[in-house]
Amino acid sequence: MGVEKKPEESKNQPLQCTCVKDGFAALPPELRPQPRKKSSLRKVTCPGCGLVYSTNRATDLCMECESKGVKI
Ligand SMILES: [Zn+2]
């Protein structure tokens, strides 16, 4: 009598999930590829002249002091 069967095809969605937008959403942050690889730049203060700058070198001495031969 009053039994109406809903067609199961009403939810006929394409086989695309939201992860298509972000293919790495399921990955933990450390496993995601970094858009910009962070260089090993660190902020240092030159012990020779007190200049604050960024370097990826092992020494804190700035280029200028290094060229002057300043030793830490
Ligand atoms: Zn310096």
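Quick notes on the rules
Residues numbered from 1 in each chain as written. Predicted model: local features only at pLDDT ≥ 70, side-chain atom pairs only at ≥ 80, totals over all residues. Helix = DSSP H or I, 4+ residues; strand = E, 2+ residues; numbered from the N terminus. Buried ≥ 20, exposed ≤ 12 C-beta atoms within 10 Å, placed from the backbone. Contact = placed C-beta atoms within 7 Å. Pairing = 2+ DSSP bridges.

Engineer: What is the right way to look at the overall build of the chain in this model?
Structural biologist: The helix and strand tally for the chain stands at 1 helix and 2 strands. Relative to its 72 residues, the chain shows a buried fraction of 4%. For the chain, the share of sequence-separated contacts (at least 6 apart) that also reach a separation of at least 24 residues comes to 3%.

Engineer: Help me understand the pairing of strand E2 (residues 52–55), please; the structure alone is not making it clear to me.
Structural biologist: Regular strands place side chains that alternate from one sheet face to the opposite one. Of the pairings in the sheet, the one linking strand E1 (residues 42–45) to E2 comprises 4 bridges and is antiparallel in character. Counterpart to Val-44 in the pairing with E2 is Tyr-53. The antiparallel pairing of E1 with E2 creates a hairpin that spans 6 residues between the two strands, and Gly-50 there sits at a positive phi of about 85°.

Engineer: Mind showing me how you'd approach the environment of Glu-64 here?
Structural biologist: Within the secondary structure, Glu-64 is located in helix H1 (residues 63–68). A sequence separation of 13 residues divides Glu-64 from Leu-51, and the C-alpha atoms of the two residues are 9.9 Å apart.

Limitation: the analysis is restricted to geometry and does not speak to function.
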